[in-house]
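Residue-level structural notes
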Amino acid sequence: QVQLVESGGGLVQAGGSLRLSCAASGSISRINDMVWYRQAPGKQRELVANITVDSSTVYADSLKGRFTISRDNAKKTVYLQMNSLKPEDTAVYYCFANVQTLWVRRDYWGQGTQVTVSS
């Protein structure tokens, strides 16, 4: 069984920074793409950033320059550094990973971490 556990969310003032982490555990042979999504109240879940196993990245256009995704393959962890936060960044942030276990390749989600940006 594979688990993704996010941490690092919280309350921050506009203009501040937060760093989210998502650690994978379990019978993992390889983690392919790792992705951060977010879902604000009343809105659909949206892509924040994606990072491949060789650290190629893709960002939502609106977040380029403020958010940075990175990963540590040895620690099976993906990070999201969020700078110059705005109230509209308030959302639950979810980690997603495509994982190859000993038996199967499938997608996994974390439980989400709340980020609240006050004005």
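Reference entry: report on the structure contained in this document.

Conventions adopted
- Residues numbered from 1 in each chain as written.
- Predicted model: local features only at pLDDT ≥ 70, side-chain atom pairs only at ≥ 80, totals over all residues.
- Heavy atoms only, no water.
- Phe/Tyr/Trp six-rings, centres within 6.5 Å; stacked < 30°, edge-to-face > 60°.
- Helix = DSSP H or I, 4+ residues; strand = E, 2+ residues; numbered from the N terminus.
- Salt bridge = Lys/Arg side-chain N within 4 Å of Asp/Glu carboxyl O.
- Buried < 20%, exposed > 50% of the residue type's maximum accessible area, 1.4 Å probe, protein only.

1. Topic: the packing of aromatic side chains
Within this structure, the stated rule accounts for three aromatic pairs. Pairing Tyr37 with Trp109 gives two aromatic rings, centres 5.1 Å apart and planes at 45°, and the pair type is tilted. With a gap of 72 residues between them, Tyr37 in strand 4 (residues 28-39) and Trp109 in strand 10 (residues 105-109) connect regions that are remote in the sequence. Centroid distance Phe96 to Trp109: 5.0 Å. Interplanar angle 65°. Geometry classified as edge-to-face. Highlighted residues: Phe96 in strand 9 (residues 91-101) and Trp109 in strand 10, separated in sequence by 13 residues.

2. Details of the pattern of salt bridges
The final tally for this structure, using the stated rule, is four salt bridges. In this structure, the salt-bridge partner of Arg38 is Asp89, at a minimum N-O distance of 2.9 Å. One end of the pair, Arg38, is in strand 4; the other, Asp89, is in the loop between strand 8 (77-82) and strand 9, and 51 residues separate them in sequence. The same class applies to Arg38 as to Asp89, namely buried. One continuous salt-bridge network, built from bridges that share partners, spans Arg38, Glu46, Arg66 and Asp89.

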